[in-house]
Amino acid sequence: MKTLSSILCFCLLISCISTVTLAQTKTEEQTKTDDTKKTPPNGDPVDLAVVTLKGSAVLTLMQNMIKQSPANTRKLTNRELDSINTLEKQPAILLDPIGYQTTIPLQTHLNGFIEGAFGMFTTPEVRVGYGGSVAGYSIYGTGEFLNSNGHINNAGYTTISGALKARYVAPEKYVLFGNSLTETNITYKNSSYSLFSHDSGFGRSTSNFAVDVSVVGRSANIPFSAFAGVKILSINQNLPLNVADEITENGFEGGIKLGSLLSDVNIGLSSTIDIRNVKGQAVNFIEIKGYTEFKDTAYVVSADVGFQASHSSNNTTRGAFTAQVKADYYMSPSVTIFGKMFSGLQNNTLQRFLVHNPYISTTSIIDVDRSTFSILAGLQYHPISTIHACLTIELDKKAQGALFMQDSTAEFQVSYVPYTSIKANANTVYDINEKDRLNLDVTFTKATLENSVAAPYISPLQFRSSFTKWFTQSLNSTIEVAYNGATNTSMDSSITVGGYFLLNIKAQYFLNNRLNLNLRFDNLTNSSIFVWKGFRERGAFASLGLTWQF
């Protein structure tokens, strides 16, 4: 099994690197015949094969040419900044408010911005961004500095991060990359904080560096997409009794997807490889699949089948067959029914665990999730352009799923146990008028272990809502409300963390088209909030900031 995995790893690695790096010049006689036209909705993520593009710039694919709006780069919203790097040392998984976009047009054609704020507990925040076009590349960079003394002893933190994003539409003369869209992302983040739930409050420093390159295009009338990336993560901390501890995760991941059109059916192959070294131990994940897609005016059905292989940090090797079916049925212009079925392995990494839980133990085992089956059904309702609602129901039965359990040092170990979850979600966005927008989102989850005990750290009820109002062209405010139910934190349901209510208020006042004031009030009710047992989030918080666009 190890020999087979090694051969597959080597072949897929060469395939990924070759696809992303090789390009040849076309002869003048070669022409393109694709006349597909796609215009993504403004502001929505566009899923092209395995690559997701996010932003407000509209990409138009017309006569095999991809053109990007030449407008200068705008200031990113807070949610877009969140997607680049976490704004707090503690990712607010359960506190994240619903995003919103204003319906009143503002001046957004400035190249850069500088934003500063100062809040309670001696909390300064500085963010900068600048973008433009250079030699055909659309480039945007951001930087961030966050610091706080903390709301309680040892709860202070410092974060320094930066990101550089570049997009490039290749000239038609390149055989493999002609008219393709290439996106490069470089990110770095360093965070220092303490595990303040422990009596000693020992410190931790995390450093995360990543480079990702993705390309989407068409060659010889065959659509393709590919991605490759290098990720370097390190965690350093001082344990009790001044014992130093360090863990690293260095890895390469890549993939390729090739397709072809036979009659009205799309068929193709895809492969993904993830090779990592966690604290000196090899951790691998490989996937090879074939897929097909049927399209009609009323429905889209796709299916893929393949083989997966993994090797965990505790030297466990697994192989599995994977299958997935997706379907969308357009009942009417205002109603869409969709569904998905999946069975197979799901890759995990230390980096992804750390994003979800900053207090993860450095001795945690990195292994895959195994879904016996997962079934999702949903309905989208959009009767008019100002109302959009969605309802989903999901059943997931895991033969092995990753759950967090706290140890004696206040860190969280990852446990892999069987459990079943049933989740129902309803959300809606309602533009009441040109100045008011309402968001509602509610999720009910019942996750149980084999002994019928509630699975730890899976909230049974989450409710979120936000209301944004523009009083004038210069003044707007947003009210955010959230509620989370009590959550089990142990395998025997003997310990729980209480539910909480959250109320936030934000306000913006534009002094002119370049300067605006930002006022922020978080947790106005001073609720006692525990996302992780022992780690109490800060209570009432206020900050005042100024943003300058240039």
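Above: the structure in question.
In what follows, the accompanying structure is described.

**Some remarks on the pairing of strand E23 (residues 475-484)**
The two faces of a sheet get side chains in turn, since along a regular strand they alternate between them.
Thought 1: Across nine bridges, the pairing between strand E22 (residues 461-470) and E23 is antiparallel. In the strand pairing of E23, Phe-467 is matched with Ile-479.
Thought 2: Where E22 hands over to E23, the hairpin turn is made up of four residues, counted between the paired strands.
Thought 3: For E23 and strand E26 (residues 500-510), the ladder comprises ten bridges, and the chain directions are antiparallel. Across the sheet, Val-481 pairs through a bridge with Leu-503, a residue of E26.

**Concerning unusual backbone geometry**
Thought 1: In this structure, Asn-154 is a non-glycine residue whose phi angle is positive, near 70°.
Thought 2: Looking at where Asn-154 falls in the secondary structure, it is placed in the loop between strand E7 (137-148) and strand E8 (157-169).
Thought 3: Look at Asn-154 and you get partly exposed, because its relative accessible area is 29%.
Thought 4: Backbone geometry at Lys-279 places phi at a positive 50°, although glycine is not the residue there.
Thought 5: Counting through the fold element by element, Lys-279 comes out in the loop between strand E13 (265-278) and strand E14 (281-295).
Thought 6: Classification of Lys-279 by relative accessible area gives partly exposed; the value is 44%.

**Points about the side chain of Glu-249**
Thought 1: Secondary-structure assignment places Glu-249 in strand E12 (residues 243-262).
Thought 2: Glu-249 gets classed as buried once you look at its relative accessible area, which sits at 1%.
Thought 3: Separated by 3.1 Å, the side chain of Glu-249 and the backbone nitrogen of Gln-351 make a polar contact.
Thought 4: Those residues within four positions of Glu-249 in sequence are excluded, and the remaining contacts are Lys-231, Ile-232, Leu-233, Arg-276, Asn-277, Val-278, Thr-349, Leu-350 and Gln-351.

So, how was this worked out
- Residues numbered from 1 in each chain as written.
- Predicted model: local features only at pLDDT ≥ 70, side-chain atom pairs only at ≥ 80, totals over all residues.
- Heavy atoms only, no water.
- Pairing = 2+ DSSP bridges.
- Helix = DSSP H or I, 4+ residues; strand = E, 2+ residues; numbered from the N terminus.
- Buried < 20%, exposed > 50% of the residue type's maximum accessible area, 1.4 Å probe, protein only.
- Polar contact = N/O pair within 3.5 Å; in protein donor to acceptor, adjacent residues only side chain to side chain.
- Contact = heavy atoms within 4.5 Å.

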